[in-house]
Amino acid sequence: MAVQRDNPYGAFNFRVTVDRFGGNADATRAGFQEISGLGLEVTEAEYRNGNEMENHVRKISGIYKATDVTLKRGIIGWTDFYDWIKDVRQGAQNGNSQVTIELMDEARTAPVMTWILINAKPKSYKGATLNGKGGTDVAMEELVLSCEKMNLENAADS
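Now for a quick tour of the structure. (Residues numbered from 1 in each chain as written. Predicted model: local features only at pLDDT ≥ 70, side-chain atom pairs only at ≥ 80, totals over all residues. Heavy atoms only, no water.)

Concerning the overall build of the protein
Working step 1: Counting its regular elements, the protein contains 1 helix and 9 strands.
Working step 2: The helix and strand sequence of the protein, counted from the amino end, reads β-β-β-β-β-α-β-β-β-β.
Working step 3: Expected size for 158 residues packed as a compact globule is a radius of gyration near 15 Å; at 20 Å, the protein overshoots this value by more than 25%.
Working step 4: Looking at the 158 residues of the protein, the share that counts as buried comes to 27%.
Working step 5: Considering only contacts within the protein whose residues lie at least 6 apart along the sequence, 64% involve residues at least 24 apart.
Working step 6: For the protein, the distance from the average position of its 18 positive side-chain charges to the average position of its 22 negative side-chain charges is 6 Å. (Helix = DSSP H or I, 4+ residues; strand = E, 2+ residues; numbered from the N terminus. Rg over C-alpha atoms; globule rule 2.2 N^0.38 Å. Buried < 20%, exposed > 50% of the residue type's maximum accessible area, 1.4 Å probe, protein only. Contact = heavy atoms within 4.5 Å. Lys, Arg positive; Asp, Glu negative; His and termini not counted. Charge placed at Lys NZ, Arg CZ, Asp CG, Glu CD.)

So, the pairing of strand E7 (residues 111–126)
Working step 1: Pairing of strand E6 (residues 97–104) with E7, which is carried by 7 bridges, proceeds in the antiparallel orientation. Opposite Thr100, over in E7, you have Ile116 as the bridge partner.
Working step 2: In this structure, the hairpin formed by E6 and E7 is closed by a connection of 6 residues, where Arg108 is found at a positive phi of approximately 60°.
Working step 3: Pairing geometry for E7 and strand E9 (residues 149–154), over 6 bridges, is antiparallel. Pairing of Ile116 across the sheet is with Asn151, part of E9.
Working step 4: Two strands pair when backbone bridges link them, and E7 and strand E8 (residues 140–146) are joined in this way by 5 bridges, in the antiparallel orientation. (Pairing = 2+ DSSP bridges.)

Section: the packing of aromatic side chains
Working step 1: Evaluated as defined, the whole model comprises 2 aromatic pairs.
Working step 2: Taken together, a centroid distance of 5.7 Å and an interplanar angle of 20° make the contact between Phe32 and Phe81 stacked. Highlighted residues: Phe32 in the loop between strand E1 (14–18) and strand E2 (34–36) and Phe81 in helix H1 (residues 80–89), separated in sequence by 49 residues.
Working step 3: Judged by centre distance (6.1 Å) and plane angle (70°), the ring pair of Tyr82 and Tyr125 falls under edge-to-face. Of this pair, Tyr82 sits in helix H1 while Tyr125 sits in strand E7, and the two are 43 residues apart along the sequence. (Phe/Tyr/Trp six-rings, centres within 6.5 Å; stacked < 30°, edge-to-face > 60°.)

Observations concerning the pattern of salt bridges
Working step 1: With the rule as written, the count across this model stands at 9 salt bridges.
Working step 2: The salt bridge partner of Asp80 is Arg73, with a shortest N-O separation of 2.5 Å. Across the pair, Arg73 and Asp80 agree in class, each one buried. (Salt bridge = Lys/Arg side-chain N within 4 Å of Asp/Glu carboxyl O.)

What about the pairing of strand E5 (residues 69–74)?
Working step 1: Here 3 bridges tie E2 to E5, and the two strands are oriented antiparallel to one another. Its bridge partner being in E5, Ile35 is matched across the sheet by Leu71.
Working step 2: With 6 bridges connecting them, E5 and E8 associate as antiparallel partners. Within the sheet, the bridge partner assigned to Val69 lies in E8 and is Leu145.

Focus: unusual backbone geometry
In terms of backbone geometry, most residues other than glycine have negative phi values and most peptide bonds are trans.
Working step 1: Positive phi, close to 60°, is recorded for Arg108, a residue that is not glycine.
Working step 2: By secondary structure assignment, the location of Arg108 is in the loop between E6 and E7.

Here we look at the nonpolar core
Working step 1: If you look at the biggest cluster of nonpolar residues, it comprises 21 residues, and the most contacted ones within it are Trp84, Val99, Ile101, Leu117 and Leu145.
Working step 2: For this core, the secondary-structure elements that each account for two or more residues are E1, E5, H1, E6, E7 and E8.
Working step 3: In this structure, Ile101 is in contact with Arg15, Val16, Ile35, Leu38, Val69, Met113, Thr114, Trp115 and Leu117, ignoring residues within four places of it in sequence. (Core = buried A, V, L, I, M, F, W, Y, C linked by side-chain atoms within 4.5 Å.)

These figures come from the coordinates and say nothing about function on their own.
Structure follows, in structure tokens:
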């Protein structure tokens, strides 16, 4: 059973692992500043019989899809993001990976929620925006992932 809290968890303690890059929390290659786009979408078909008494459509649930997920991090010299999308671009058969995103508790000892992206692969990569006037800005890179399925687990499910 899940633990009920009065206060929500902060969104700033999280970790990401990708089976392509080692796949476990001990093999962390880099941290991320921001992750956005975690979600699912169910398509709907609208239908109405011509002889129905009420003048409205029925909404019939259809297939679902996971939304694209964006990962952002400061450039640290690793080319793993670019190498991944390069492999997909060149038709490599090992382009799909499992990506695990864990929201950690305040003590950073255990995950409280976990999003698992199944058969994830890069959809787009953006390198840094470089600007000679921005002396305090960090050079950032961005990777957008598409995936076939997303699962959500809480700590009690594990």
